[in-house]
Amino acid sequence: MKVAILGYGTVGSAVVKALIENEKIIKARCGQNIIPVIALARSVKKNSLIPVTQNADEILNRKDIDVFVELMGGVKEPFAIIKQLLKKKKNVVTANKAMLAYHRYELEKLASNLAFGYEASVAGAIPIIKVLKEGLSANHILNIKGILNGTSNYILTHMSQKGSDFKEVLKRAQELGYAEADPSFDIEGFDAAHKLLILASIAYGIRAVPEDILIEGISGISNEDVYFANEFGFTIKLLGVAKAQDSKVELRVHPTMLSKNEMIAKVDGVMNAVSIRGDMLGESLYYGAGAGGLATASAVISDLLDIARGQLKTPMFGFKSDMKYSLLPIEDIYTKYYLRLKVEDKIGVLSKITQMMSENSISIDSFLQKPKADETYSTLFFTTHHTFEKSIKNLIHTLKKQKFIKTSPFMMRIE
Ligand code: NAP
Ligand code: HSE
């Protein structure tokens, strides 16, 4: 089976290397050689293991290629290329979750009975697409909770365990090949949201795009939040959450305070983990490297092996007819919250804040006022009992207008 690699960067070059180095085991498992014959890049590559061209047409017009593997990144350009390939009845494998977050249903329609592999698009090396689409296909999926972005988990782990500086750890994650070409996708939660949307398609048939769901990243987290979390037995993780109730599904990505005792709270560094609760199997947990060339190549090549064996299952998201799930409006999300407020240190401030909470039907679960050093303000930390997203947003809106508030209130959800 001849393969063209569209994109010879971190993942593309790792796929080529692994196909060459693991040639024997791959052939033994699928009965044929999987040969990377040519790759595409923007720049000239010295010492590449296979020929690399900068001319896309030179690759796309080749008739001898059995599978095209898209590892370029971006949305518009790879989408145009893949559409063109599917129209020519070519098989495709991609790791591009950003493109799938927007165009997955158009691609599913075009792919029809062709093989379209996207195992590497979610949670790196963890074979989570196969788990959800095949292994758990008899279940109603009650909820999914995932650490779906390796870069942000790597940053949060280093901040929490070593007190490291945010920017320095991000730079290291980029050097290690974990981060997206634009790292704001990692730290602002978009990459995790792209992955959550792909999982939600398999679990619920939800057709949402990123703009439809709640997405918050980790850039607002301060060392004070890490301090509070440590003091109160929490760990902060960027979590993707999908929860079904009746015919509604809530989808959200945000930094989350998790009890240190939860298994997923112990997932550190670049590792990802996905917890899936089904009505038949109960809770299950999947763990593995979430980013990096070789780990991602492992998932890409598993799709190639499935294609070689004629085993890549269609339809793409595992549904032959539509399900009746729809998206829960963001304001109806119901959970617990953490608030950090910097306020003027004067009589009556605390009582005004608690009054505003009560007017928004928000009940306080815990409260801490950090002893001051030399600051002219006080930092207050609250956690709440369950309340609606619209109530906490109203409270923050009101707080922002108060003179005694020194910086914008910071809020995090607790799971
Ligand atoms: P990367 O290192 O930036 O590599 C991208 C490759 O594509 C480069 O070789 C680049 O050429 C080439 N390219 C980009 N745009 C092109 C264009 N318009 N025409 C021709 N070549 C083009 O990215 P990556 O980390 O390998 O990621 C690739 C894909 O895998 C992305 O969709 C990413 O989200 C996904 N992914 C990555 C990881 C990871 O851990 N890195 C994990 C899972 C999924 P130049 O080399 O000349 O710049
Ligand atoms: N940038 C992504 C991450 C790559 O850090 O998780 C894997 O999808």
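Residues numbered from 1 in each chain as written. Chains lettered and ligands numbered in written order. Predicted model: local features only at pLDDT ≥ 70, side-chain atom pairs only at ≥ 80, totals over all residues. Heavy atoms only, no water.

Peer 1: Can you help me understand the site of ligand 1 in this one?
Peer 2: Every one of the 23 residues lining ligand 1 counts as a neighbour, but Val 11, Ser 43, Lys 45, Glu 180 and Gly 292 are closest to it. A distance of 3.1 Å separates an oxygen atom of ligand 1 from a polar atom in the backbone of Gly 9. Within the side chain of Lys 97, a nitrogen or oxygen atom sits 3.2 Å from an oxygen atom of ligand 1. Protein chains bury 85% of the 890 Å² of accessible surface belonging to ligand 1 in isolation. Per-class residue counts for the shell around ligand 1 are 9 nonpolar, 9 polar and 5 charged. (Near = heavy atom within 4 Å. Polar contact = N/O pair within 3.5 Å; in protein donor to acceptor, adjacent residues only side chain to side chain. Areas by Shrake-Rupley, 256 points an atom, 1.4 Å probe, with all protein chains shown as cover. Nonpolar A, V, L, I, M, F, W, Y, C, P; charged D, E, K, R; others polar.)

Peer 1: Help me understand the domain arrangement of the protein chain in this model?
Peer 2: Often, the extent of an interface is quoted as the loss of accessible area upon association of its parts. Split into domains, the protein chain comes out as domain 1 (2-127 + 295-309), domain 2 (131-289) and domain 3 (331-414). Taking only C-alpha atoms, the centre of domain 1 and the centre of domain 2 are 26 Å apart. In this assembly, 17 residues from domain 1 lie in contact with 27 residues from domain 2. At the boundary of domain 1 with domain 2, total buried surface from both sides reaches about 1700 Å², with 63% on carbon and sulfur atoms. For the domain 1 face of the interface with domain 2, the top three residues by lost area are Lys 97, Tyr 105 and Ile 126, together amounting to 32%. Taken together, the connections running from domain 1 to domain 2 amount to 2 salt bridges. A salt bridge links Asp 191 to Lys 97, with the shortest nitrogen-to-oxygen separation between them at 3.3 Å. Remark: the boundary between domain 1 and domain 2 carries 10 residue pairs in polar contact (both at pLDDT 80 or more). The leading source of residues in the side of domain 1 that touches domain 2 is helix H5 (residues 97-111), at 7 residues. (Domains from an automatic or database assignment. Contact = heavy atoms within 4.5 Å. Buried area = accessible area lost by both parts, 1.4 Å probe. Salt bridge = Lys/Arg side-chain N within 4 Å of Asp/Glu carboxyl O. Helix = DSSP H or I, 4+ residues; strand = E, 2+ residues; numbered from the N terminus.)

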